[in-house]
Amino acid sequence: MEKILIIGANGQLGTELSAALQTKYGQDAVIGSDIRKPQEENSIFELLDVLDNDALLKTVKKHKITQIYHLAAILSAKGEENPKMTWNINMNGLLNVLEVAHYEKLKKVYYPSSIAVFGTTTPSPAPQYTSMNPATIYGISKRAGEQWCEYYFNKYGVDVRSLRYPGLISYKTSPGGGTTDYAVDIFYKAVEGAKFSCFLEENTRLPMMYMPDAVRATMELMEAPKESLSTHEGYNLNAFDCTPKELYNELKKHVPNLEISYQIDKLRQSIADSWSDTVNDDVARKDWNWNHRYDMESTTKDMLLNLKKKFAVK
Ligand code: AKB
């Protein structure tokens, strides 16, 4: 029987991945953990700081963990406020997880990477194997993390798998500290009837994905036969790409009164400018049959529907 530990279970991805894993493996098979308690405890939960390797080992032994999803990280914009702290959390957290996976002979580890590993020398669309010169400490730590994953796989046989997520759009839990966060905020403003102030320029194109696709991609990669995987670094993952102006125009079809203004945040604009505007995910499509289901139009419809429901319930 699988016992899955999710580190960073309260975050944007963690909340939804935990629920999906509970549906698949059963409520008792998923142990959520984070540095703070969740607002609602829907599963077995442990307070855990991934930098505390004794506590991590104890949790793994206590619950007889077989798989870890290590989602805790500081994102791109927030990471620039304190680069050394970001490196410590993003890097040493992963190393603690890889060590425990190696010594406790865990079956699998999941490590999320990001389009932040790309840089200004990366061609567009970004190929799977390409020039990478990440400009943020978050991107540097994700790229180094991918290489540590490949190293632990080759040297110790730790079956660690990873995806390079685009900006994730979701309605259950908000992201925090990222450069792509505007693409979530705009939906909240549309539903609240408020004016949206965008921190990126109107023509800044970035890769995006709706959360149901991101959760399904993660589960499909984790279930794929090991022999079919050609890399244990992060797989490129693509759904659609858009600019703030295009997303705004799509939203206007449903919310005609929505207004937008642009107050550019220099830091986040420079981060977005350093990233690839679109990625090529042919390797994921070939190795484990990845296929996205949501484009910008269907994401917009579903987001609005669900956010309206969420606010109506309150
Ligand atoms: C961020 O904007 O930092 C994240 C990411 C693309 O990894 N959403």
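See above for the structure.
In this text, all values refer to a predicted model and were calculated from it rather than measured experimentally.

(A) Local environment of the nonpolar core. Ranked by internal contacts, the top residues of the largest apolar core, which has 69 residues, are Y69, L163, Y182, I186, F187, L247 and W288. Each of domain 1 (4-166 + 211-236) and domain 2 (168-207 + 239-278 + 294-310) contributes no fewer than three residues to this core. The contacts of W288, once residues within four sequence positions are left out, are L163, A217, E220, L221, A224, L229, Y235 and L237. The next biggest cluster of nonpolar side chains, apart from the first, holds 23 residues, and it includes V60, L106, C149 and Y152.

(B) Looking closely at the site of the ligand. Near the ligand you find L75, S76, S114, I115, Y138, G178, T179, T180 and W275, and these make up its full shell. The residue inventory of the shell around the ligand, partitioned by class, reads four nonpolar, five polar and no charged. Per-domain counts for the shell around the ligand show at least three residues from each of domain 1 (4-166 + 211-236) and domain 2 (168-207 + 239-278 + 294-310).

(C) Structural view of the packing of aromatic side chains. For the structure shown, the criterion picks out 12 aromatic pairs. When the ring of W148 is compared with that of Y151, the centres are 5.7 Å apart and the planes differ by 85°; the resulting orientation is edge-to-face. Of this pair, W148 and Y151 both sit in helix α5 (residues 137-156), three residues apart, which is roughly one turn of that helix. On the numbers, 5.0 Å between centres and 55° between planes, the contact of Y152 with Y156 is tilted. Note that Y152 and Y156 are positioned in helix α5 at a spacing of four residues, about one turn of the helix. Note on Y152: relative accessible area 5%, which makes it buried. Residue Y156 is classed as partly exposed on the basis of its relative accessible area of 34%. Here a set of aromatic residues connected by ring pairs shows up, and it is made of W148, Y151, Y152 and Y156. One residue, K24, lies across the ring of Y25, its end atom 5.3 Å from the ring centre. The ring centre of F199 lies 3.6 Å from the NZ or CZ of R268, which sits over that ring.

(D) How the structure looks around the packing of helix α2 (residues 53-62) against helix α4 (residues 83-103). At a minimum axis separation of 10 Å, α2 and α4 run at an interaxial angle of 40°. With respect to their mutual orientation, α2 and α4 come out oblique. Regarding α2 and α4, the two cross each other, and that crossing is right-handed. Facing N53, L56, L57 and V60 of α2, the residues of α4 in contact are N96, V97 and V100. Of the residues contributing to the contact of α2 with α4, the split by class is five nonpolar, two polar and no charged.

About the thresholds
Residues numbered from 1 in each chain as written. Predicted model: local features only at pLDDT ≥ 70, side-chain atom pairs only at ≥ 80, totals over all residues. Heavy atoms only, no water. Core = buried A, V, L, I, M, F, W, Y, C linked by side-chain atoms within 4.5 Å. Buried < 20%, exposed > 50% of the residue type's maximum accessible area, 1.4 Å probe, protein only. Domains from an automatic or database assignment. Contact = heavy atoms within 4.5 Å. Near = heavy atom within 4 Å. Nonpolar A, V, L, I, M, F, W, Y, C, P; charged D, E, K, R; others polar. Phe/Tyr/Trp six-rings, centres within 6.5 Å; stacked < 30°, edge-to-face > 60°. Helix = DSSP H or I, 4+ residues; strand = E, 2+ residues; numbered from the N terminus. Lys NZ or Arg CZ within 6 Å of the ring centre and 35° of its normal. Axes fitted to C-alpha atoms, helices over the stretch in contact; angles between N-to-C directions. Parallel < 35°, antiparallel > 145°, perpendicular 65-115°, else oblique. Left-handed = near helix turned anticlockwise from the far one by under 90°.

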